[in-house]
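What follows is each chain in one-letter form.
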Amino acid sequence: MKVLGIETSCDETAASVVEVEDIAAGGRLLSNAVASSMDLHAKYGGVVPEIAARSHIEAIMPVIQEALDTAFPALVGYKAKQWQQIDAIAVTYGAGLGGSLLIGVLTARTLAIAFGKPLYACNHVEGHVYANFLTGTALPGYKMRSAAPKFPMLAIIVSGGHSQLALFQNHFDYKLLGQTQDDAIGEAFDKVAKITGLPYPGGPSVAKAAEAGNDRAFKLPKAKMAEKYDFSFSGLKTAVLRQAQAMISEDYTFPSKDIPARLSEAQKADIAATFQRVAVETIVDKALLAYEEFSPASVVIAGGVAASGELRKQLTERLPKLIEFPDLKLCTDNGAMIATLGCYKAQLGQPVADPYTLDIQPNLSM
Ligand code: KG4
Ligand code: ZN
């Protein structure tokens, strides 16, 4: 079973071919093509939906062709033969930016009709989890997991739009244990980057600045939640803002846009390091609680913030069991995770989508 996965929910135009023969063994990555419009958004300090959608239109067909050419190098130039190798198409239909999702979904629908392939509609966040079911590749530069995760599986889902814990009893049989009640952790990284004048996207730039900082430079709060496994990051973000204002001897009325120019590099590093430690601890504290309550056979991390070295470090130190991480390139948005999810859907008889009517769901939840 070989599936072409298409992902366009935010600012990455991505396509990939994944092969799954034995669902217990995991998938094999045949290609992973990504074109990002991130550079175009950087000067605005965040993703501009119109620019993202326009970039997807330009990039989508070349990216899909690159995914096919890399997966089937002996058939480069023989498009029809490449398509004969593909058993199904999987596409992200939510959650995400409406205009961005639309390009991927309309492209996938058109290709499914034109080439007569079954179409699988994928939830972006479930896709992030399925990056953990990739175990093999001949592509250079990938460090793959040694085995597919076992059930029951605790999933720590941390991205720009999501912070949640989910317990999977089996494929497509899971319950949400808790989620953020306000900002997602990735969003908090992005906002702290803005407060300190570090470039977008915030995750990697905060991580880099943190290397030179003291991660216990000052105290930051961890939110107390009514529900055991829920999260909140908006209070932490505000506490960082107040701390930055205090560091430059100003009060809460001082405009945040003027803060970066007044902070020294050492102060920025301390803010980055202390924020990063506390934000990640908030996630790991609750993941450990869930681990103790449910004794899962495996723990996986998923989403853009799964690329965080601090998260990987804290989990490795604190989890009683050794945890395996997906390659960094499979953590941020990519087509491979969608292709993998599509393979499992196809192998396990999940419903197919109607290529004539499949619609986007920007607010889709798990
Ligand atoms: O999954 P993703 O690519 O897009 C969404 O589905 O939201 O996640 C993007 C988020 C951004 O907020 C970005 O700042 C964060 O992932 N991120 C990181 C790191 N790399 C990306 N956060 C912390 N540490 C990183 N190394
Ligand atoms: Zn994502």
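Notes on the structure in this doc start here.

Rules of the game
Residues numbered from 1 in each chain as written. Chains lettered and ligands numbered in written order. Predicted model: local features only at pLDDT ≥ 70, side-chain atom pairs only at ≥ 80, totals over all residues. Heavy atoms only, no water. Core = buried A, V, L, I, M, F, W, Y, C linked by side-chain atoms within 4.5 Å. Buried < 20%, exposed > 50% of the residue type's maximum accessible area, 1.4 Å probe, protein only. Helix = DSSP H or I, 4+ residues; strand = E, 2+ residues; numbered from the N terminus. Contact = heavy atoms within 4.5 Å. Near = heavy atom within 4 Å. Polar contact = N/O pair within 3.5 Å; in protein donor to acceptor, adjacent residues only side chain to side chain. Nonpolar A, V, L, I, M, F, W, Y, C, P; charged D, E, K, R; others polar. Domains from an automatic or database assignment. Donors = N, O, S within 2.8 Å, 3.2 Å for Na, K, Ca; no water. Arc of directions from axis to C-beta. Pairing = 2+ DSSP bridges. Axes fitted to C-alpha atoms, helices over the stretch in contact; angles between N-to-C directions.

This part takes up the nonpolar core. Grouped burial of nonpolar side chains is what soluble globular proteins tend to show. Grouped together as the largest cluster of nonpolar side chains are 53 residues, with contacts concentrated most on I156, F275 and L315. Of all the secondary-structure elements, those providing two or more residues to this core are strand 7 (153–158), strand 8 (163–170), helix 6 (185–196), helix 7 (202–210), helix 8 (234–247), helix 9 (265–294), strand 10 (298–302) and helix 10 (309–318). Of all the elements, helix 9 adds the most residues to this core, at 13 residues. Those residues in contact with L315, other than ones at most four positions away along the chain, are I156, V284, I301, I323 and F325. Grouped together as the second largest cluster of nonpolar side chains are 34 residues, V20, L139, I338 and L341 included.

Once that is clear, we can look at the site of ligand 1. Residues in contact with ligand 1 amount to 18 residues; listed here are only the nearest, H128, G160, D190, G203 and G304. Residue D190 places a side-chain N or O atom 2.8 Å away from an oxygen atom belonging to ligand 1. Within the side chain of D333, an N or O atom sits 3.1 Å from an oxygen atom of ligand 1. For the shell around ligand 1, the elements supplying multiple residues, two or more each, are helix 5 (124–130), helix 6 and helix 7. A class-by-class count of the residues in the shell around ligand 1 yields 4 nonpolar, 12 polar and 2 charged. Here the shell around ligand 1 spans two domains, and each of domain 1 (2–149 + 327–347) and domain 2 (174–318) adds at least three residues to it.

Turning our eyes to something else, we now look at the coordination of the zinc ion (ligand 2). Those protein atoms acting as donors to the zinc ion (ligand 2) are H124 (NE2), H128 (NE2) and D333 (OD), and they sit at 2.0 to 2.1 Å. Looking at D333, the relative accessible area reads 15%, which means it is buried.

As a further point, take helix 7. If you check which residues of helix 7 are buried, you get G202, S205, V206, A209 and A210. Buried residues along helix 7 cover an arc of 140° about the axis, so they all sit on one side. Opposite the packed face of helix 7, turned more than 90 degrees from it, sit the exposed residues P204 and K208. In the core, the buried residues of helix 7 are packed alongside helix 6 and helix 9.

Neighbouring strands of a sheet are bound in pairs by backbone hydrogen bonds; such pairs are parallel or else antiparallel. The 6 strands are arranged 5-4-1-2-3-6 in an open sheet whose pairing can be described as mixed. Either end of the sheet is taken by a strand with one partner, and the two such strands are strand 5 (119–123) and strand 6 (134–137). Each neighbouring strand pair of the sheet contributes to a mean axis angle of 35°, computed without reference to strand direction. Strands in contact with helix 2 (residues 49–71) are strand 1 (2–7), strand 2 (12–19) and strand 3 (27–36); relative to strand 2, the strand with the most contacts, it is inclined by about 25°.

Considering the arrangement of structural elements, one finds G335 in the loop between helix 10 and helix 11 (336–347). Exposure remark for G335: the relative accessible area of 0% places this residue in the buried category. As a C-alpha pair, G335 and S365 span 30 residues in sequence and 19 Å in three-dimensional space. Not counting residues up to four positions away in its chain, the partners in contact with G335 are G5, E7, A14, A15, S16 and N32.

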